[in-house]
Amino acid sequence: MTDENKINDKQPTKKTTKVTKKTPAKVTAKAPKDGEFPKLKKLTHQEMYNLVGKFLQKAIPITGAKLTVVKGMNSRVSPPKTPCVILQVIKKERLSSTETRYTDKHKILWYRSMVTMSMLFMGGGNISALEMGQAFEARFNDSWATDQFEKLSDILFPLYSDDVKIEEDYINDEDQYEDSCSVDVYFEYHPEVGVCEESAKEIVMNTLIADDEEDSQDE
């Protein structure tokens with residue numbers, strides 16, 4: 001064997017890689033459907049009235065009569081039979097910037113706000129308006145109110161109330177002075193707004209496929 005042949009025998013075998021294009025690289029995005037968004041925690045005014053009405057039934061004990069709770073009212077509606085309480089949301093104001101919590105697919109934005117609700121107490125039977133208002137005020141400004149609302153809602157919280165005011169000039173449809181008093185009460189409210197965490201729920205990718213082929217060549 002010549003020296004030249006010995007050198008050729010020592011040459012390493014070369015490996016080459018052949019790339020075969022199957023399909024062009026492509027990325028598509030699938031947006032979430034409307035039904036896939038989580039149910040958000042928020043309350044309409046009517047839902048707030050329902051929650052406060054349940055609290056009032058416990059907070060104002062009345063013997064021999066039924067307390068009627070009027071949930072929102074305009075000037076063209078006559079008051080119901082007394083004793084009754086008329087509720088009306090009169091103000092909402094934001095207390096904080098937006099905060100975020102996450103689920104597996106979405107982020108949920110929520111913020112703190114304060115709801116002011118006006119209550120008009122109208123006495124009748126064996127209980128006066130002032131008795132009703134004072135009974136409510138004492139219980140609403142006590143920790144007992146917090147315990148009661150924890151059973152009713154996790155986004156509406158009692159804060160405090162103003163002092164009860166006697167409404168000396170409240171006149172009914174028969175031009176008679178009604179036994180009435182009023183108070184403004186304040187709640188902390190945490191409404192939610194849903195926002196998708198990503199612009200797409202699912203990413204589908206088609207990529208290039210590389211085929212490895214070993215070719216042995218002797219030089």
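Heads up: the structure comes first, above all this text.
Being a predicted model, the structure only gives us computed values, none of them experimental.

## Some words on the nonpolar core
Residues Leu 56, Ile 60, Met 117, Met 119, Phe 121 and Phe 136 are the most contacted members of the largest nonpolar core, which totals 34 residues. In terms of residues, this core owes the most to one element, helix H2 (residues 45–59), which gives 7 residues. Contact partners of Ile 60, with chain neighbours within four places excluded, come to Leu 67, Val 85, Phe 121, Ile 127, Met 132 and Phe 136. Of all hydrophobic cores here, the second largest spans 5 residues; its members include Cys 84, Ile 86, Leu 120 and Met 122.

## Side note on the packing of aromatic side chains
Across all of its chains, the model carries 9 aromatic pairs by this definition. Ring centres of Phe 55 and Phe 149 lie 5.2 Å apart, and the angle between their planes is 35°; this geometry places the pair in the tilted category. Taken together, the positions of Phe 55 in helix H2 and Phe 149 in helix H4 (residues 143–152) put the pair 94 residues apart, joining distant regions of the chain. The same class applies to Phe 55 and to Phe 149, which are both buried. Taken together, the ring pairs connect Phe 55, Phe 121, Phe 136, Phe 140, Trp 144, Phe 149 and Phe 187 into an aromatic cluster. Directly above the aromatic system of Tyr 111 lies the positively charged group of Arg 94, at a separation of 4.1 Å from the ring centroid.

## A few points about the environment of Arg 139
One can find Arg 139 in helix H3 (residues 129–140). C-alpha separation for the pair Arg 139 and Phe 55, spaced 84 residues apart in sequence, amounts to 9.8 Å. With residues near it in sequence (within four places) discarded, Arg 139 still touches Phe 55, Ala 59, Pro 61, Trp 144 and Ala 145. There is a polar contact of 3.3 Å between the side chain of Arg 139 and the backbone oxygen of Ala 135.

Criteria and thresholds
- Residues numbered from 1 in each chain as written.
- Predicted model: local features only at pLDDT ≥ 70, side-chain atom pairs only at ≥ 80, totals over all residues.
- Heavy atoms only, no water.
- Core = buried A, V, L, I, M, F, W, Y, C linked by side-chain atoms within 4.5 Å.
- Buried < 20%, exposed > 50% of the residue type's maximum accessible area, 1.4 Å probe, protein only.
- Helix = DSSP H or I, 4+ residues; strand = E, 2+ residues; numbered from the N terminus.
- Contact = heavy atoms within 4.5 Å.
- Phe/Tyr/Trp six-rings, centres within 6.5 Å; stacked < 30°, edge-to-face > 60°.
- Lys NZ or Arg CZ within 6 Å of the ring centre and 35° of its normal.
- Polar contact = N/O pair within 3.5 Å; in protein donor to acceptor, adjacent residues only side chain to side chain.

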